[in-house]
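# An overview of the molecular structure
So you can see what is in the structure, the chains are spelled out below.
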Amino acid sequence: MRAYFDHNATTPIAPAVVEEMTRVLKDEFGNASSIHFFGQRAKGTLDDARSAVAALIGGDPSEVVFTSGGTEADNFAIRGVAEALEPTGKRHLIATAIEHEAVLNTFKALARRGWTTTLLPVDQSGIVSPAALEQALTDKTALVSVMHANNEIGTLQPIAELAKIAHGRGALFHTDAVQSVGKIPVDVRALGVDLLALSAHKFNGPKGAGALWIKRGTRVTAILTGGKHERNRRAGTENVPAVAGLGVAASLASKKMASESARVAALRDRLENEILAKVAGTAVNGDRRHRVPNTTNISFDGIEAESLLIALDLEGIAVSTGSACSSGTLEPSHVLRAMGLPTHRTQNSIRLSLGDGNTDAEVDYLVAKLPKVVDKLRTVTGVRG
Ligand SMILES: Cc1ncc(COP(=O)(O)O)c(C=O)c1O
């Protein structure tokens, strides 16, 4: 058996998405900027996808700008606002210590160009305190960027409350919603944000396709300059097949979200509870109530996450770790470290992220294999469970 429990890394493409992308690749080669029939047909496909994405997040189609994925959407939000607001003298940015690299490394790049940046701490359960944001804000803060759901632990942040606080001090608010869109209801108006990033391949769409939602009237400078595509907000001939795929994935997500999220949450909860019951020396990382329905992150005492990942892969089970192995040494997860977990737990935790294809039989398989795999690894390292 092969079981895939790594849906936060990427998801399989839905058959309906493949079908539509194939049709568009074959039949709609037109340039969406062309005035003739072929161009207008491609433009119609972009418009349909824009409406589907807007409907998924409660926005207006005119506020949706297609990008090459979540990384570009985050870059566009942060660099675009920074450039637009630079002349006003606002040169301070705030994010959290647990953001994705797409945000953290963009902050580092701007810091090298003279911007002041603040990374907010999180508590033991991975949640940012509104009071910490209040303290960090100054009159010079241009933008606050807080992820909606964390990719490693799935924890959800109190975005609506944080956005209100940022607005109270005149700062704009961006949320990286790459790990929440398509999994739980996301409504840009209810969240009260100015910018929101999403990525198609996290909800059964293609890789290399995403969007930045920009609230009407928000000042953002284009970071890709060239032609007048996307209403002058993102230059470059549109990747119509990929955008069409994003559109179908968004429609599918809107339709099946309620039933699928309940099904996946039940599978995740069973998997988590059985692991905790059957494997000694285990603990869940992150807040178990405020999180997306598909994710769990579990520490295994006396084990290196990387070894567990490889041993499970040999059994046909795909999981992941937040820690990265570079030049033979295990780099602890920056998310678990920011939560203040002891060093060993930042290196012994694996992420299991479920999705569409997962079944009860796969969970049974994992729960049957895991205790033996862990025992074996603990014997090697001399730790008993
Ligand atoms: C929270 C978060 N933000 C941004 C990204 C980047 O998205 P993409 O892979 O579409 O560039 C990811 C993908 O891993 C993510 O999990």
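Whatever comes next refers back to the structure up there.
The structure contained in this document is the topic of the report that follows.

It is possible for side chains of opposite charge to pair when their charged atoms get near one another. Counting across every chain of the model gives 21 salt bridges. Residues R189 and E63 are paired through a salt bridge, measuring 2.7 Å at the closest nitrogen-oxygen approach. Of this pair, R189 sits in helix α7 (residues 188-191) while E63 is found in the loop between α2 (37-57) and β2 (64-67), placing the two residues 126 residues apart along the sequence. The class for E63 is buried, based on a relative accessible area of 3%. K278 is the salt-bridge partner of E274, the closest N and O atoms lying 3.4 Å from each other. Here the residue E274 and the residue K278 both occupy positions in helix α9 (residues 240-278), the gap between them amounting to four residues, near one helical turn. A cluster of three or more residues bridged by salt bridges with shared partners is formed by R270, E274, K278, D360 and D364.

Okay, the site of the ligand next. In the vicinity of the ligand, 13 residues are found, and the nearest of them are G70, T71, D176, S199 and K202. Between H201 and the ligand, the recorded distance is 2.9 Å, taken from a side-chain N or O atom to an oxygen atom. Summarising the interface, the protein chains cover 85% of the accessible area of the ligand, which totals 400 Å² for the free molecule. Ranked by the residues each element gives to the shell around the ligand, the list is headed by helix α3 (residues 70-85), at three residues.

In this section: the packing of aromatic side chains. Applying the stated criterion across every chain, the model contains two aromatic pairs. Both rings, one in F37 and one in F38, keep their centres 5.4 Å apart while their planes meet at 80°; by these two values the pair is edge-to-face. Among the residues examined, F37 registers a relative accessible area of 54% and is labelled exposed. Looking at F38, the relative accessible area reads 39%, which means it is partly exposed.

The biggest cluster of nonpolar side chains holds 66 residues, and the ones touching the most others in it are I57, V144, F173, V181, L196, L198 and F203. Here this core takes 10 residues from α9, the largest share from any one element. The residues touching V144, leaving out its near neighbours within four places in the chain, are I94, L133, L137, A166, A171, L172, F173 and H174. The next biggest cluster of nonpolar side chains, apart from the first, holds 28 residues, and it includes I317, L352, L354 and V363.

Moving on, we get to the sheet that holds strand β9 (residues 282-284). Strand order across the open sheet formed by three strands is β9-β10-β14, with antiparallel pairing between neighbours. In this open sheet, the two strands that pair with only one neighbour each are β9 and β14 (349-353). Here the average twist between neighbouring strands, direction ignored, is 30°. Across the sheet, α9 is in contact with β9, β10 (295-300) and β14; its angle to β10 comes to roughly 10°.

Basis of the calculations
Residues numbered from 1 in each chain as written. Predicted model: local features only at pLDDT ≥ 70, side-chain atom pairs only at ≥ 80, totals over all residues. Heavy atoms only, no water. Salt bridge = Lys/Arg side-chain N within 4 Å of Asp/Glu carboxyl O. Helix = DSSP H or I, 4+ residues; strand = E, 2+ residues; numbered from the N terminus. Buried < 20%, exposed > 50% of the residue type's maximum accessible area, 1.4 Å probe, protein only. Near = heavy atom within 4 Å. Polar contact = N/O pair within 3.5 Å; in protein donor to acceptor, adjacent residues only side chain to side chain. Areas by Shrake-Rupley, 256 points an atom, 1.4 Å probe, with all protein chains shown as cover. Phe/Tyr/Trp six-rings, centres within 6.5 Å; stacked < 30°, edge-to-face > 60°. Core = buried A, V, L, I, M, F, W, Y, C linked by side-chain atoms within 4.5 Å. Contact = heavy atoms within 4.5 Å. Pairing = 2+ DSSP bridges. Axes fitted to C-alpha atoms, helices over the stretch in contact; angles between N-to-C directions.

Geometric descriptors of this kind do not, in isolation, establish any biological role.
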